[in-house]
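# Report on the structure
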Amino acid sequence: MSLHCSFPSWASFPSSLVRIAIVIRSQEEERSSPPREGSSGGAARLPLVLASSSPQRRVILERLEVPFTVRPSGVRELEGGDAGEVAAKNTLRKTRAARRSGAQELVLGWDTLVTLGEDIYGKPSDEGAAGDSLRALSGETHEVISGLALLLPGEERTAVAR
C-alpha cells in the first residue's frame, strides 16, 4: 500500500496517528482500485467518525485529506491514576460512546493530557482553570500524552503516544 501526503511534515504527527491514517487511506485505495478478477468491485469504504468536537482534531484530519463526520460523545473524563492509563481509558470510553450499534463505520478518538509530576492536567473547564494550568506548567518540564483509539467493525485498535 502507498501513502500519499500533501502536506510537508508527517514527522509532526505521533507514529500511532500516522498508522491510523494509513489504515484509513488504504481503504480509499482499495475502493478506488479496479476490481480484481473474480471480484465484484472495490471494497466499500467505511465512513470515518471523529469522536471529538476539538477544532484541532478536525484540522489534523482535514490536513490528512480524509473525509469524516464529527460525533462528540460527551463522556466525563477520568482524572486520576497513571497518566498513560488515564489517556488510554478516556480515549476508549469516548470513542466507544460515539460508536453507533451495528453501524459499519470507523470511529476515531483521541484524548490528550499533560502531566507535571503526579498531577494530570486535562481540558480546563473554564478560563480560570486554564490560567491555573498555564501558571502551574509555565517554566516546568511536563509531559504530553495522547491516547488514540480506532474502532472498526469487530475490532478495536488503541495506542498511547508520549
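Residues numbered from 1 in each chain as written. Predicted model: local features only at pLDDT ≥ 70, side-chain atom pairs only at ≥ 80, totals over all residues. Heavy atoms only, no water.

One can find Ser 146 in strand β5 (residues 143–152). Here Ser 146 falls in the buried class, since its relative accessible area comes to 12%. Looking at Ser 146, its side chain comes within polar contact range of the side chain of Thr 112, at 2.7 Å. Other than its neighbours up to four places away in sequence, Ser 146 contacts Ala 87, Asp 111, Thr 112, Ala 159, Val 160 and Ala 161. (Helix = DSSP H or I, 4+ residues; strand = E, 2+ residues; numbered from the N terminus. Buried < 20%, exposed > 50% of the residue type's maximum accessible area, 1.4 Å probe, protein only. Polar contact = N/O pair within 3.5 Å; in protein donor to acceptor, adjacent residues only side chain to side chain. Contact = heavy atoms within 4.5 Å.)

Right, let's get into helix α3 (residues 83–98). Between its first and last C-alpha atoms α3 spans 23 Å; for 16 residues at 1.5 Å apiece the expected length is 22 Å, and the two agree. Those residues of α3 lying buried are Ala 83, Gly 84, Val 86, Ala 87, Asn 90, Thr 91, Leu 92, Lys 94, Thr 95 and Ala 98. Against β3 (106–116), β4 (119–121), β5 and β6 (155–161) lie the buried residues of α3. (Expected span 1.5 Å × (residues − 1).)

The subject of this paragraph is the confidence of the model for the chain. Looking at the chain as a whole, its pLDDT mean stands at 80, while 73% of the residues score no less than 70. Contacts of residues 1–13 to residues separated by more than four positions or lying in other chains number 22 contacts, the stretch itself having pLDDT below 50. (pLDDT = per-residue confidence, 0-100.)

Summarising burial for β5: eight of the 10 residues are buried, a large majority. Pairing between β3 and β5: nine bridges, direction antiparallel. When the bridges of β5 are listed, Gly 109 appears paired with Ala 149. Here seven bridges tie β5 to β6, and the two strands are oriented antiparallel to one another. Across the sheet, residue Leu 150 finds its bridge partner in β6, namely Arg 157. Hairpin remark: β5 followed by β6, antiparallel, with two residues in the connecting loop; positive phi at Gly 154, about 80°. (Pairing = 2+ DSSP bridges.)

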